[in-house]
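Coordinates in review
Spelled out, the chains give:
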Amino acid sequence: MARRFKAQDDDEVQPELDIAPLIDVAFLLLIYFLVTSQLKRQEIDLNLGIPSNQTSDAPTPPLPPLVLEIQEDGTIVANPGKNPEILDKIESGREVPLLEERLAFFKAGAEASNDKPTIILNPKDEASGQRFVDVLNAIAGFEIDQIALAGFAEGD
């Protein structure tokens with residue numbers, strides 16, 4: 001027994017799916033959800049001030065000078081007084097690494113504020129001359145040329 005196949009008529013129209021209205025509906029739903037949604041407080045950007053490269057019109061206050069004291073035992077102290085910062089002791093030899101670190105930080109701060117770094121040196125009377133020269137060499141290594149000497153009485 002032979003099977004008979006029915007020939008398709010060329011007149012029959014194949015069904016097509018028009019997706020343009022579906023895309024329109026999808027975009028309308030997307031817009032609806034975007035407009036009606038609310039951001040949680042933790043998702044909102046933080047109100048942070050970002051520094052800029054532009055300079056403000058307000059003048060920056062002058063950088064106070066760095067006071068260095070050379071004590072009798074060869075200890076170098078930055079900003080003696082209320083909050084002294086002990087930098088180097090004589091046990092470290094002629095090297096002054098903590099002083100050099102502090103001078104680099106001070107010079108960077110002065111350059112950032114467009115100011116010239118100024119150092120006030122206060123050697124005690126019993127401090128060794130070699131320690132004084134070591135401190136001067138460290139200062140000269142950073143090309144700081146504004147140095148004032150303090151602690152000398154008139155008539156000395």
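Okay, so let's go over this structure. (Residues numbered from 1 in each chain as written. Predicted model: local features only at pLDDT ≥ 70, side-chain atom pairs only at ≥ 80, totals over all residues. Heavy atoms only, no water.)

1. A look at the environment of Leu103
For clarity, the threshold we go by: For the purposes of this entry, the term helix denotes a DSSP run of H or I that reaches at least four residues, the term strand denotes a run of E that reaches at least two, and both are numbered from the N terminus. Residues are treated as being in contact if the distance between any of their heavy atoms lies within 4.5 Å.
With respect to the helices, strands and loops of the structure, Leu103 is situated in helix α2 (residues 97-112). With 35 residues separating them in the primary sequence, Leu103 and Ala138 have C-alpha atoms 8.2 Å apart. Once residues lying within four places of it in the same chain are set aside, the contact partners of Leu103 are Leu66, Ile119, Ala138, Ile139, Phe142 and Ile144.

2. Topic: a nonpolar patch on the surface
Convention followed: By definition, no residue in a patch forms a salt bridge, and every one has over 30% relative accessible area; like charges are joined within 9 Å, nonpolar side chains (Val, Leu, Ile, Met, Phe, Trp, Tyr) within 5 Å. All accessibility values rest on the Shrake-Rupley procedure with a 1.4 Å probe; residue burial counts only the protein chains present in the view. Any Lys or Arg side-chain nitrogen located within 4 Å of an Asp or Glu carboxyl oxygen qualifies as a salt bridge. To sort residues, take the accessible area from a 1.4 Å probe on protein chains only and compare it with the maximum for the residue type: under 20% means buried, over 50% means exposed, and anything in between is partly exposed.
On the surface, a cluster of nonpolar side chains totalling about 960 Å² of accessible area is made up of Leu17, Ile19, Leu22, Ile23, Phe27, Leu30, Ile31, Leu34 and Val35. Position of Val35 relative to the elements: it lies in helix α1 (residues 20-36). On the basis of relative accessible area, Val35 is assigned to the exposed category, the value being 64%.

3. Some words on the pattern of salt bridges
All told, the structure shown has two salt bridges when counted by the stated rule. Residue Lys124 pairs with Glu69 through a salt bridge whose shortest N-O separation is 3.5 Å. In this pair, Lys124 is assigned in the loop between β4 (118-123) and α3 (129-141) and Glu69 in strand β1 (residues 66-70), connecting sequence segments 55 residues apart. Accessibility expressed as a relative area gives 30% for Lys124, which makes it partly exposed. Using a relative accessible area of 10% as the deciding quantity, one classes Glu69 as buried.

4. Regarding the nonpolar core
The criterion, for reference: What we call a nonpolar core is a set of buried Ala, Val, Leu, Ile, Met, Phe, Trp, Tyr and Cys residues that are connected through their side-chain atoms within 4.5 Å.
Among the nonpolar cores identified, the biggest contains 17 residues, and Leu66, Leu68, Leu99, Leu103, Ile119, Val135 and Ile139 are the most heavily contacted of them. Of all the elements in the fold, those that place two or more residues in this core are β1, β2 (76-78), α2, β4 and α3. Excluding residues that lie within four positions of it along the chain, Leu68 makes contacts with Val77, Ala78, Leu87, Leu99, Ile119, Ile120, Leu121, Asn122, Val135 and Ile139.

5. Some details on the pairing of β4
Heads up, the condition is: Any two strands with at least two DSSP-identified bridges between them are counted as paired.
Bridge analysis of β1 against β4 gives five bridges, and the strand direction is parallel. Paired with Leu66 across the two strands is Ile119, which belongs to β4. Note that β4 and strand β5 (residues 146-149) share four bridges and pair parallel. Note that in β5 the partner of Ile120 across the bridge is Ala148.

6. Section: the pairing of β1
Of all the five residues making up β1, four are buried; the element is thus mostly covered by neighbouring parts of the structure. For β1 and β2, the ladder comprises three bridges, and the chain directions are antiparallel. Each residue of the ladder has a partner; that of Glu69, found in β2, is Val77. Counting the residues that bridge the hairpin from β1 to β2 gives five residues, and of these Gly74 lies at a positive phi of roughly 90 degrees.

7. Quick notes on the sheet that holds β1
As a reminder of what qualifies: Here an axis means a line fitted to C-alpha atoms, over the contact stretch when the element is a helix, while the angle between two N-to-C directions is reported on a 0 to 180 degree scale.
The mixed open sheet is built from five strands, whose spatial order is β3-β2-β1-β4-β5. A strand with exactly one partner marks an edge of an open sheet, and here the two such strands are β3 (85-88) and β5. Between one strand and the next, the sheet's axes are offset by a mean angle of 30 degrees, whatever the strand orientation. The strands touched by α2 are β1, β2, β3 and β4; relative to β3, the strand with the most contacts, the crossing angle is about 120 degrees. Contacting β1, β2, β3, β4 and β5, α3 crosses the sheet at an angle of about 175 degrees to β4.

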